[in-house]
Amino acid sequence: MVRETGRETAYFAAGCFWGVEAAFRQVPGVVDTAVGYMGGTTENPTYEEVCTGATGHAETVAVVFDPLVVSYAALLEVFWDIHDPTTRDRQGPDVGTQYRSAIFTTSPEQYSEALASLERRQRSGWYRRPIATVISPAGPFYRAEEYHQRYLEKQGSRRIR
């Protein structure tokens, strides 16, 4: 992942990380992405361990972005639009805590902005059920195995919809 001055990182969990990563890679101003695991207790987990649900980790996408080109608020809108934030521990056919909806924040400003965004979405009337997305401070991000990185691109698909 690119780590440059003037760049920020956001972490989003919204189901299977392959499609989530592909969606964020399409956003102008996104400099780099990586898929991995966050929010659990196991250090350096493997995909197989995360799939058991015992690690507590969610499949997460690290999004490195240029805030002069795309705002964190705009990335939050992408996050809300690419998944169903009202389902707890599942997205589509994928079921388990590793597929939960979560925003992991890297600063008090990101936390406040994410919370305000969630509250606006909840009040919007767009959803029939309460939003189940959890917002919490980012912990360690464990990069997933290389074959998961840009998986859909490697399979010849860049778009999720």
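Residues numbered from 1 in each chain as written. Predicted model: local features only at pLDDT ≥ 70, side-chain atom pairs only at ≥ 80, totals over all residues. Heavy atoms only, no water.

The protein chain is annotated in an unreviewed UniProt entry as Peptide methionine sulfoxide reductase MsrA from Methanofollis tationis. Turning to the protein chain, the UniProt annotation filed under Sequence similarities (unreviewed entry) states: "Belongs to the MsrA Met sulfoxide reductase family." Heading Function (unreviewed entry) of the UniProt record for the protein chain holds this comment: "Has an important function as a repair enzyme for proteins that have been inactivated by oxidation. Catalyzes the reversible oxidation-reduction of methionine sulfoxide in proteins to methionine." (UniProt positions renumbered as here; feature names shortened; annotations may be inferred.)

Draft legend 1. View of the sheet that holds strand β3 (residues 58–65). Read across the open sheet, the 6 strands follow the order β7-β6-β1-β3-β2-β8; overall the sheet is mixed. The sheet terminates laterally at β7 (134–137) and β8 (142–143), the two strands that pair on one side only. Bridge count for strand β1 (residues 8–14) against strand β6 (residues 101–105) is 4 bridges, and the pairing is antiparallel. What sits directly across from Ala14, in β6, is Ser101. (Pairing = 2+ DSSP bridges. Helix = DSSP H or I, 4+ residues; strand = E, 2+ residues; numbered from the N terminus.)

Draft legend 2. A look at the packing of aromatic side chains. Throughout the structure, instances matching the rule amount to 7 aromatic pairs. Ring centres of Phe17 and Tyr37 lie 5.9 Å apart, and the angle between their planes is 40°; on these two criteria the pair is classed as tilted. One end of the pair, Phe17, is in helix α1 (residues 17–25); the other, Tyr37, is in strand β2 (residues 30–38), and 20 residues separate them in sequence. Side by side, Phe17 and Tyr37 carry an identical accessibility label, which is buried. Summarising the aromatic geometry, the rings of Phe79 and Trp80 are spaced 4.9 Å apart at their centres and angled 65° between planes, so their arrangement reads as edge-to-face. (Phe/Tyr/Trp six-rings, centres within 6.5 Å; stacked < 30°, edge-to-face > 60°. Buried < 20%, exposed > 50% of the residue type's maximum accessible area, 1.4 Å probe, protein only.)

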